[in-house]
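Coordinate inspection notes
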Amino acid sequence: KYGDFGPTLAVEYLVKCDGETLSEETLRQWLIGAGMWSPRRRGAPHRQWRERREHWGELVQMDGSDHDWFEGRRGKASMMVMIDDATNWTHAKFFESETTAAAMTVFGEYVGHYGLPRSLYVDRASIYETTRDSTVEEALQDTAPLTQFGRAMRELGVELPLGHSRQAKARVGRLHGVFQDRFVKALRLQQINTLESANSYLESQYLDELNEQFHVVARSSVNLHRSLPRGLNLNHVLCYQEPRVVQNDWTVSWCNRIFQLGPEHQKLSLARKKILVSELLDGTIRLTSGARSLSWKEVSARPPKVTPK
């Protein structure tokens, strides 16, 4: 049943699932004597020690881990993991792959549970860092070009430092190793073969057990997570959005789609002006001018031009 488990993990499951109480060292010696386990001596790589942050919510690391989580029972998947630097407190969710939508979704869930962290430490993947040149408007305002995720973090007031090396995000890297060892075996024992079931198991049971076992007490009792500003809809920030110019026929284009603004906005004189087009993670489209939401309908083609006599 636990053939490929190490002594530490096997003892946990024997106690939790089978009611067998014995020490880890006893089991280790039994396994060694039966030729089923050999002590592994690992040369410890040189690491520069970095002190944990002092407060919960001061710095959270986030990264995706692509792995054969289901051991061939389905295709590979990506686990998006967030871990607090001060406490090891962890949140995670499965997706088909590490994408902007996946990063926004898991971040939104984290905020719903704990609040906005002060800083989010990520790597230099294209989700978080763009290589495009600044637009003229960005150059005039002396602002760096941002990805959709970077833009959302700026709106929420969350710092987004980018990692320069794997060592810089070692804490979340070690957590990937814990998940790839322990959670793969847990999925096997639970006979879980789908992302939906895996996420349900994570949310309802596994993360609580993991956090109870591995969290540490922060050096400060002050929690630096922030509540969302009053009136802010997080779904309207964690989305895809870009400005679009309203044409003279009161239409705007978005991803090969055409939206016709409603006639009730005629007093706003929006023709040739920029509005903001947002596509939420659930596919909902929003058109806004400043703080005002605009009514619209999708059309299959632009209205024909009317030539005055």
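Now for a look at the structure at hand. (Residues numbered from 1 in each chain as written. Predicted model: local features only at pLDDT ≥ 70, side-chain atom pairs only at ≥ 80, totals over all residues. Heavy atoms only, no water.)

**With respect to helix H7 (residues 195-214)**
For the record, the criterion: Numbering of helices and strands runs from the N terminus, with a helix taken as a DSSP run of H or I at least four residues long and a strand as a DSSP run of E at least two residues long. A helix is expected to reach a length of 1.5 Å times the quantity of its residues less one. What is called the bend at a residue is the angle between a pair of axes, fitted to the seven residues leading up to and ending at it and to the seven starting from it. Per-residue accessibility, obtained with a 1.4 Å probe over protein chains only, is compared with the maximum for each type, and a residue is labelled buried under 20%, exposed over 50%, and partly exposed between these values.
Look at H7: only 24 Å from first C-alpha to last across 20 residues, short of the 28 Å you get at 1.5 Å a residue. Along H7, the largest kink reaches about 55° and is centred on Leu202. Listed in full, the buried residues belonging to H7 are Leu195, Ala198, Asn199, Tyr201, Leu202, Tyr206, Leu207, Leu210 and Asn211.

**Brief notes about the packing of aromatic side chains**
Basically, it comes down to this: Working definition: a ring pair exists when centres of Phe, Tyr or Trp rings (six-membered ring for Trp) sit within 6.5 Å. Plane angles under 30 degrees give stacked, over 60 give edge-to-face, the rest tilted.
The final tally for this structure, using the stated rule, is 17 aromatic pairs. Between Tyr2 and Tyr13 the ring centres are 5.9 Å apart and the planes differ by 45°, which places this aromatic pair in the tilted class. Placement of the pair is Tyr2 in the segment before helix H1 (7-18) and Tyr13 in helix H1, with a sequence separation of eleven residues. Exposure remark for Tyr13: the relative accessible area of 6% places this residue in the buried category. Ring geometry for Phe94 versus Phe183: centroids 5.8 Å apart, planes at 25°, classification stacked. Highlighted residues: Phe94 in strand E3 (residues 90-95) and Phe183 in helix H6 (residues 170-190), separated in sequence by 89 residues.

**Some details on the pattern of salt bridges**
We count it as follows: Any Lys or Arg side-chain nitrogen found within 4 Å of a carboxyl oxygen on Asp or Glu counts as a salt bridge.
Taken as a whole and judged by the stated rule, the model has 17 salt bridges. Linking Arg219 and Glu51 is a salt bridge whose minimum nitrogen-to-oxygen distance equals 3.5 Å. One end of the pair, Arg219, is in the loop between H7 and strand E5 (240-245); the other, Glu51, is in the loop between helix H2 (24-33) and strand E1 (60-67), and 168 residues separate them in sequence. In this structure, the salt-bridge partner of Arg257 is Glu298, at a minimum N-O distance of 2.8 Å. Residue Arg257 is located in strand E7 (residues 257-261), and its partner Glu298 is located in strand E11 (residues 296-299); the two are separated by 41 residues in the primary sequence. Exposure remark for Arg257: the relative accessible area of 25% places this residue in the partly exposed category. One continuous salt-bridge network, built from bridges that share partners, spans Asp4, Glu71, Arg73 and Arg188.

**A word on the nonpolar core**
Generally speaking, soluble globular proteins have nonpolar side chains that are buried together. The following threshold applies: We call a set of buried Ala, Val, Leu, Ile, Met, Phe, Trp, Tyr and Cys residues a nonpolar core when their side-chain atoms join them within 4.5 Å. The criterion used for residue contact is that any of the two residues' heavy atoms lie within 4.5 Å.
If you look at the biggest cluster of nonpolar residues, it comprises 32 residues, and the most contacted ones within it are Trp69, Met79, Phe94, Phe179, Phe183 and Leu187. At the level of elements, H1, H2, strand E2 (77-84), E3, H6 and H7 are the ones that each hand at least two residues to this core. When sequence neighbours within four positions are dropped, the list of residues in contact with Phe94 reads Trp69, Ala77, Ser78, Met79, Phe183, Leu187, Leu195, Ala198, Asn199 and Leu202. Within the second largest apolar cluster, 26 residues are counted, among which are Val106, Leu120, Val158 and Leu238.

**Some remarks on the packing of helix H3 (residues 100-114) against helix H5 (residues 148-156)**
Stated precisely, the cut-off is as follows: The axes used here are C-alpha line fits, helices contributing only the stretch in contact, and every angle between their N-to-C directions lies in the interval 0 to 180 degrees. Roughly parallel covers angles under 35 degrees, roughly antiparallel covers those over 145, roughly perpendicular covers 65 to 115, and oblique covers all other angles. For this scheme, ten residues count as nonpolar: Ala, Val, Leu, Ile, Met, Phe, Trp, Tyr, Cys and Pro. Four count as charged, namely Asp, Glu, Lys and Arg, and the remainder, Gly too, count as polar.
Packing of H3 against H5 brings their axes to within 9 Å, and their N-to-C directions diverge by 25°. One element, H3, and the other, H5, form an angle in the roughly parallel class. Residue-level contacts link Thr100, Ala103, Met104 and Phe107 of H3 to Gln148, Phe149, Arg151, Met153 and Leu156 of H5. The residue makeup of the contact of H3 with H5, split by class, is six nonpolar, two polar and one charged.

**Describing the sheet that holds E2**
Applicable threshold: When DSSP finds two or more bridges between a pair of strands, those strands are recorded as paired.
Across the sheet, four strands lie side by side as E3-E2-E1-E4; this open sheet has mixed pairing. On the outer flanks of this sheet lie E3 and strand E4 (120-121), each paired with one strand and no other. Sitting on the sheet, H7 touches E2 and E3, and the angle it makes with E3 is about 170°.

**Quick word on the pairing of strand E6 (residues 251-254)**
Pairing geometry for E6 and E7, over four bridges, is antiparallel. In the strand pairing of E7, Val252 is matched with Phe259. Hairpin connection between E6 and E7: a loop of two residues separates the two successive antiparallel strands, and Cys255 in this loop has a positive phi of roughly 50°.

**Topic: the side chain of Ser220**
Threshold: Here a polar contact means two N or O atoms within 3.5 Å. Within protein one must be a hydrogen donor candidate and the other an acceptor candidate, and residues neighboring in sequence count only if both atoms are side-chain atoms.
For Ser220, the location among the structural elements is in the loop between H7 and E5. A polar atom in the side chain of Ser220 sits 3.3 Å from the side chain of His55. In this structure, Ser220 is in contact with Glu54 and His55, ignoring residues within four places of it in sequence.

**Section: unusual backbone geometry**
Unlike most non-glycine residues, Gln191 shows phi in positive territory, near 55°. For Arg272, which is not a glycine, the phi torsion comes out positive at approximately 70°. The topology assignment puts Arg272 in the loop between E7 and strand E8 (274-279).

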